[in-house]
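Spelled out, the chains give:
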Amino acid sequence: MIDDILKYNQQFVQDKLYEPYITDKYPAKKLAVLTCMDCRLTELLPKALGIRNGDAKVIRNAGGIVLSSSDSAVRSLLVAIYELGVKEVMVIHHTQCGACHMSFEEFRPLMAARGIKAGDLEAIRDAGVDLERWLEGFHDTPASVRSTVLALKGHPLMPSDITIRGFIIDSVTGELEEVK
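This text gives an overview of the structure that appears in the document.

Reading the values: rules and limits
Residues numbered from 1 in each chain as written. Predicted model: local features only at pLDDT ≥ 70, side-chain atom pairs only at ≥ 80, totals over all residues. Heavy atoms only, no water. Helix = DSSP H or I, 4+ residues; strand = E, 2+ residues; numbered from the N terminus. Contact = heavy atoms within 4.5 Å. Phe/Tyr/Trp six-rings, centres within 6.5 Å; stacked < 30°, edge-to-face > 60°. Core = buried A, V, L, I, M, F, W, Y, C linked by side-chain atoms within 4.5 Å. Buried < 20%, exposed > 50% of the residue type's maximum accessible area, 1.4 Å probe, protein only. Polar contact = N/O pair within 3.5 Å; in protein donor to acceptor, adjacent residues only side chain to side chain.

1. A word on the environment of A48
At step 1: Inspection of the secondary structure puts A48 in helix 2 (residues 41–49).
At step 2: C-alpha of A48 to C-alpha of T35: the two residues are 13 residues apart in sequence and 13 Å apart in space.
At step 3: For A48, the residues in contact, after removing those within four places along its chain, are I169 and G174.

Dropping the structure here:
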């Protein structure tokens, strides 16, 4: 698959198909979106929000959540705010999210089947990672949105003038529902 992608990419560049996407690094709408990595959202989310290339910074991870005050989602948002001029943040989870059912207990046998040993898990734990929490999903999507919004609003490095709001997007229709 990667070789096919590389072949396509060469033709993409040769045909200058990139030209409609040329923009700079600053988001035109001064917006950042923290959302899930679910592939159903790749095209649906921007279309449903009416954003185009260059309009917003989109940060994606499994579930669109914040796990700790120092995780990469928070880091990316802080860079977007301080370096790139973002003024508003949308936290957008979605319906039928796989992260709703994730758990370390489900991953453990899958990891073992792929060659991960108990000692490897202990090495991660020894490095300070709580695997049960790190690989745990959420079971209540609105509560997860609220938790993520509160974590961002309460972050000690988050400026108080940044607007942060939470939403759930329908994975089929793209309809947004605000979570209060």
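2. Overview of the packing of aromatic side chains
The relation between two aromatic rings is expressed through the spacing of the ring centres and the mutual angle of the planes.
At step 1: Summed over the entire model, instances satisfying the criterion amount to one aromatic pair.
At step 2: Taking the centre distance of 6.1 Å and the plane angle of 35 degrees together, the rings of Y8 and F12 count as tilted. Of the two residues, Y8 and F12 both sit in helix 1 (residues 2–14), four residues apart, roughly one turn of that helix.

3. Considerations on the nonpolar core
At step 1: Grouped together as the largest cluster of nonpolar side chains are 21 residues, with contacts concentrated most on L34, L77, V89, L152, M158 and I164.
At step 2: Among the secondary structure elements, those contributing two or more residues to this core are strand 1 (31–36), helix 3 (72–82), strand 3 (88–94), helix 7 (141–153) and strand 4 (163–169).
At step 3: Among the elements that make up this core, the one with the highest residue count is helix 3 (six residues).
At step 4: The contacts of M158, once residues within four sequence positions are left out, are L78, I81, L152 and I164.
At step 5: In terms of nonpolar packing, the next biggest core, distinct from the first, is built from 18 residues, L41, L45, C100 and M102 among them.

4. Here's the deal with the environment of I92
At step 1: Looking at the secondary structure, you find I92 in strand 3.
At step 2: Exposure remark for I92: the relative accessible area of 0% places this residue in the buried category.
At step 3: For the pair I92 and R60, spaced 32 residues apart in sequence, the C-alpha to C-alpha distance is 9.8 Å.
At step 4: Once residues lying within four places of it in the same chain are set aside, the contact partners of I92 are V33, L34, T35, C36, L45, L49, F167, I169 and L176.

5. Some thoughts on the side chain of S171
At step 1: Considering the arrangement of structural elements, one finds S171 in the loop between strand 4 and strand 5 (176–179).
At step 2: Note on S171: relative accessible area 7%, which makes it buried.
At step 3: A polar atom in the side chain of S171 sits 2.5 Å from the backbone oxygen of T95.
At step 4: Dropping the residues within four chain positions of it, S171 is found in contact with R40, L44, H94, T95 and Q96.

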